[in-house]
Amino acid sequence: MKVWDLPIRLFHWLLAALIVFSWWAHEDHLDWHRLSGFAIAGILVFRLWWGLAGSSTARFSGFLKSPAGVLAYLRGAAAGPGHNPLGGWSVVAMLATLTLQVGLGLFAVDQDGFESGPLSRFVDFETGRLAAAGHGLVFNLLVGLIVLHLLAIGWYGVRRKNLVGPMITGRTAAADGGPDLQPAAAWKLLIGLTLGLATSGGLYMMERASSL
Amino acid sequence: MKAFWFAGIALALTATTAFALDAGDQIKTRRDGMKAVGGATKGLYETLAGDKDVGKIKAYAARLKQLSIESQGWFPVGTGPSSGIETKAKAEVWTDPVGFKAAQQAFVTQAGKLNAAAASGDLDKTQAEFGALRGTCKSCHDKYQTK
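Residues numbered from 1 in each chain as written. Chains lettered and ligands numbered in written order. Predicted model: local features only at pLDDT ≥ 70, side-chain atom pairs only at ≥ 80, totals over all residues.

**Q** Tell me what's going on with the overall build of chain B, and back it up with residues and numbers.
**A** Each helix and strand counted, chain B has five helices and zero strands in total. Across the 147 residues of chain B, 29% fall into the buried class. (Helix = DSSP H or I, 4+ residues; strand = E, 2+ residues; numbered from the N terminus. Buried ≥ 20, exposed ≤ 12 C-beta atoms within 10 Å, placed from the backbone.)

Right, dumping it as structure tokens:
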């Protein structure tokens, strides 16, 4: 049965690749680092929209459960297709951390005052340095969440539940049960793509307008 | 005799504390100075990329030149990592004094060229010298500053 739609899968793998790329570029390739950050900002905006208006397994209202629901899952209650009650909160934690990370990067200034995010001209040097310090700290938080994410995948893997395959093919074993994936209307996809592109494009134009 | 020892220890402690405070102050002066350099650089960058206000460009360039000269006094002996106070200055600043002096001089020279270009009102030249200054900052920081 289908569990992840194409937008979610593309988002996931693009995000993973862009995070690795951003990390690689953060020291000596800040031009690329900025572009990568703008791309992440765009797909994040798309994902947040998709969490409100996307397919059934993408929606926050579908996968966010109360603490009691999380506890019940931990005690062995069955979970339907998509994020389980615990994984749902880990997704929210990663999305929130990424949003904060991108936000800090937009205002960050390097110590020499030559390299900066496209919104740094609206803050003074010291504030920009604080944003840069925060950008470094929040990265560690992000790495921690990614490590947890990978450990969880490994944990389910040794219990014969493959999480990686479905994120590639979009399909999971029918035996898992639960309701089928409810795709979202095409116009909602179009709105999401427009919002994402506008975010990335807007940041890119601000960058162009404020660099030498 | 006991009193003598107490007095000696007290004196030694006071001297050590005074020295540590002094190194702390000197490191703070360096840090504040470097922040001022960064602030002026940010301001000049934004002005050159933005409204190109000649008055502001001249002021930032003059400030950078002034700070480059002051920066020669920001690295007194005893303000490195061995001071026990947190600093990003590497021990190489003091173990490679010839190399470090040359790097400091490069800053003074390049900030001077930048200021001369800005004072002449030639924006293209100012931008070129500013670009060169970026390399001057980086090469010294790569060598003499911890990440």
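More follows now that the structure is in view.
**Q** Give a detailed account of unusual backbone geometry, specifying residues and quantitative values.
**A** Even without being glycine, A:R160 reaches a positive phi, approximately 60°. Tracing the chain through its elements places A:R160 in the loop between helix 6 (125-158) and helix 7 (164-169). Not every positive phi belongs to a glycine, and B:K52 is a case in point at roughly 55°. Here B:K52 shows up in the loop between helix 1 (2-49) and helix 2 (54-70).

**Q** Talk me through the environment of B:V77; I want residue IDs and the actual numbers.
**A** Residues and elements named next belong to chain B. As for its position among the elements, V77 is in the loop between helix 2 and helix 3 (92-95). Classification of V77 by C-beta neighbours within 10 Å gives exposed; the count is 11. Measuring from C-alpha to C-alpha, the distance between V77 and D51 comes to 42 Å, with 26 residues separating the pair along the chain.

**Q** Could you give me a rundown of the packing of helix 1 (residues 6-25) of chain A against helix 2 (residues 30-53) of chain A, with the residues and numbers involved?
**A** Residue and element names in this part refer to chain A. For the pair helix 1 and helix 2, the least separation of the axes is 9 Å and the interaxial angle reads 155°. The angle between the axes of helix 1 and helix 2 places the two elements in the roughly antiparallel class. As for the relative orientation of helix 1 and helix 2, their crossing is left-handed in sense. In this structure, helix 1 uses P7, I8, F11, L14, L15, L18, F21, S22 and A25 to contact helix 2, whose residues at the interface are W32, H33, S36, G37, A39, I40, I43, F46, R47 and W50. For the contact of helix 1 with helix 2, the residue count by class is 14 nonpolar, four polar and one charged. (Axes fitted to C-alpha atoms, helices over the stretch in contact; angles between N-to-C directions. Parallel < 35°, antiparallel > 145°, perpendicular 65-115°, else oblique. Left-handed = near helix turned anticlockwise from the far one by under 90°. Contact = placed C-beta atoms within 7 Å. Nonpolar A, V, L, I, M, F, W, Y, C, P; charged D, E, K, R; others polar.)

**Q** Got a sec to walk through helix 4 (residues 97-120) of chain B? Specific residues and values, please.
**A** Structural remark: α-helix, 3.6 residues per turn; residues separated by three or four positions point the same way. Residues and elements named next belong to chain B. Its 24 residues place the ends of helix 4 34 Å apart at the C-alpha level, agreeing with the 34 Å of an ideal helix rising 1.5 Å per residue. Along helix 4, the residues classified as buried are Q104, F107, Q110, A111, K113, L114, N115, A117 and A118. In this structure, the buried side of helix 4 is in contact with helix 2 and helix 5 (123-144). Phi turns positive one or two residues past the end of helix 4, at G121, with a value near 80°. (Expected span 1.5 Å × (residues − 1).)

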